[in-house]
Amino acid sequence: MVTAYDYTSALLADRAGIPMILVGDSMAQTMLGFEDTLPVTVDDMVRHTAAVVRGTEKAFVVADMPFMSYQASTADALRNAGRLLKEGGAQAVKLEGGGAAAIETVRALVDAGVAAMGHLGLTPQSVHQLGGYGVQGKTSAAASALIDAAMELEKAGAFALVLELVPAELAREVSERLTIPTIGIGAGAGCDGQVQVWHDLLGLSVDFTPRHAAKYAEVGATVLDALRRWADDVRARRFPTDAETSHLKEPLDLGSKTLTPPD
């Protein structure tokens, strides 16, 4: 699974054969320039999800439910998930957390016919409560609580579970206990699948790349070089050349002046 936030990215991911695309609320940082995911709205998610769906033919599209779109009430969760499916065209939604309220929300969504994916470990929407973007589940108590939450989410009807920034040994244990697939990010190779952020994977995160991300390309550096060379050519009047230019086929009478085609 890879994140995508627009038509072009989704088109490329789909053609690459990536089976699942996540329209992540990480767009807050990657696309909108915020420091965390909290400012993203349901309207943002609907708009970007619709763009991603238009770019796919085969990939299964999952849309993140943004902060406070499901925490206040089950009614809010159902309404907002419905928008992501009806207006955005997503096939499923993802929501963070493993507390009693999150589990009941998953159950309500599934009962309403919405495919719901869980998300445990580092839950970015709770970054201030967690005290930062650190690895989760490092103590026996925290690990046991995560395992219990994972099993409860499965019982509630979640069809898959993202495990973010948890020790590899714990992620493997969770994966072995569940019958639904786990999708890891910074959780080791013992998960059933992996998810990466588009910008990290392609080297578009020019200022910072998380430890758990592997750059498979340096697209950011390529883009930067291309823009600089193009700007230099414009300033030096090397661009546009005749190859990028259209010309008149016949003289054009402007009254006081006639424009003629080149010889």
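Residues numbered from 1 in each chain as written. Predicted model: local features only at pLDDT ≥ 70, side-chain atom pairs only at ≥ 80, totals over all residues. Heavy atoms only, no water.

Caption draft 1: Representation of the nonpolar core. Among the nonpolar cores identified, the biggest contains 51 residues, and Leu 109, Leu 120, Leu 161, Leu 163 and Val 174 are the most heavily contacted of them. Per-element accounting of this core gives the leading share, 7 residues, to helix 7 (residues 140–156). For Leu 161, the residues in contact, after removing those within four places along its chain, are Met 117, Gly 118, His 119, Leu 120, Ala 150, Leu 153, Val 174, Leu 178, Ile 180, Pro 181, Thr 182 and Ile 183. In this structure, Met 1, Met 20, Val 62 and Val 162 belong to the second largest nonpolar core, which totals 11 residues. (Core = buried A, V, L, I, M, F, W, Y, C linked by side-chain atoms within 4.5 Å. Buried < 20%, exposed > 50% of the residue type's maximum accessible area, 1.4 Å probe, protein only. Helix = DSSP H or I, 4+ residues; strand = E, 2+ residues; numbered from the N terminus. Contact = heavy atoms within 4.5 Å.)

Caption draft 2: Quick look at the packing of helix 5 (residues 100–111) against helix 7. Relative to each other, helix 5 and helix 7 sit at 20°, their axes nearing to 8 Å. Compared by their axis directions, helix 5 and helix 7 come out roughly parallel. Here helix 5 runs over helix 7; the crossing is right-handed. On helix 7, the residues touching Ile 103, Val 106, Arg 107 and Val 110 of helix 5 are Glu 152, Leu 153, Lys 155 and Ala 156. (Axes fitted to C-alpha atoms, helices over the stretch in contact; angles between N-to-C directions. Parallel < 35°, antiparallel > 145°, perpendicular 65-115°, else oblique. Left-handed = near helix turned anticlockwise from the far one by under 90°.)

Caption draft 3: Examining the packing of helix 7 against helix 8 (residues 168–177) more closely. Interhelical geometry of helix 7 versus helix 8 gives an angle of 30° and a closest axis separation of 10 Å. Judged on the interaxial angle alone, helix 8 and helix 7 are roughly parallel. Between helix 7 and helix 8 lies a crossing of right-handed hand. Contact residues: Ala 143, Leu 146, Ile 147, Ala 150 and Met 151 in helix 7; Leu 170, Glu 173, Val 174 and Arg 177 in helix 8.

Caption draft 4: Region of interest: the sheet that holds strand 6 (residues 160–164). An order of 1-2-3-4-5-6-7-8 is seen for the 8 strands of this open sheet, with the pairing classed as parallel. If you trace the sheet from one side to the other, it starts and ends with strand 1 (2–3) and strand 8 (193–194), each paired once. Where strand 1 lies against strand 2 (residues 20–23), 2 bridges are found, and the strand directions are parallel. Looking at the pairing, Val 2 lines up with Ile 21 of strand 2. The sheet strands contacting helix 4 (residues 74–86) are strand 3 (60–64) and strand 4 (92–94), and the helix crosses strand 4 at an angle near 130°. (Pairing = 2+ DSSP bridges.)

Caption draft 5: Broad picture of unusual backbone geometry. Following Phe 239, the chain continues into Pro 240 via a peptide bond in cis, with omega recorded as 0°. In this structure, Met 68 takes a positive phi of about 65° despite not being glycine. We classify Met 68 as partly exposed; its relative accessible area is 44%. Here the phi dihedral of Arg 237 falls at roughly 60°; this positive angle occurs in a residue that is not glycine. Position of Arg 237 relative to the elements: it lies in the loop between helix 10 (219–235) and strand 9 (252–253).

Caption draft 6: Representation of the side chain of Ser 9 within the structure. Here Ser 9 lies in helix 1 (residues 7–15). Not counting chain neighbours up to four residues away, the residues in contact with Ser 9 comprise Ala 4 and Trp 198.

Caption draft 7: The arrangement of the layout of surface pockets in detail. By volume, the largest pocket is sized at about 1000 Å³. Lining the largest pocket are 40 residues, with Glu 164, Val 197, Asp 200, Pro 210 and His 212 positioned closest to its centre. Elements with a contribution of two residues or more to the lining of the largest pocket: helix 2 (27–30), strand 6 and helix 9 (198–201). Within the lining of the largest pocket, the residues separate by chemical class into 18 nonpolar, 13 polar and 9 charged. In this structure, the second largest pocket occupies an estimated 340 Å³ of space. Looking at the lining of the second largest pocket, the elements with two or more residues in it are strand 5 (116–121), helix 6 (127–130) and helix 7. For the lining of the second largest pocket, the element with the most residues is helix 7, which contributes 4 residues. Along the lines of polarity and charge, the residues of the lining of the second largest pocket split into 6 nonpolar, 9 polar and no charged. (1 Å grid on protein atoms, 1.4 Å probe; cavity = no way out; pocket = protein on both sides within 12 Å on 5 of 7 lines; lining within 4 Å. Points joined across faces, edges and corners; volume = space filled by probe spheres on them. Nonpolar A, V, L, I, M, F, W, Y, C, P; charged D, E, K, R; others polar.)

Caption draft 8: Local environment of helix 10. In this model helix 10 runs 24 Å from its N-terminal to its C-terminal C-alpha over 17 residues, within 8% of the 24 Å that 1.5 Å per residue would give. Backbone geometry just after helix 10 places Arg 237 at a positive phi near 60°. (Expected span 1.5 Å × (residues − 1).)

Caption draft 9: Main features of the pairing of strand 3. With 4 of its 5 residues buried, strand 3 lies for the most part within the structure. As judged from the 3 bridges shared by strand 3 and strand 4, these two strands associate in the parallel manner. Opposite Ala 63, over in strand 4, you have Val 93 as the bridge partner.

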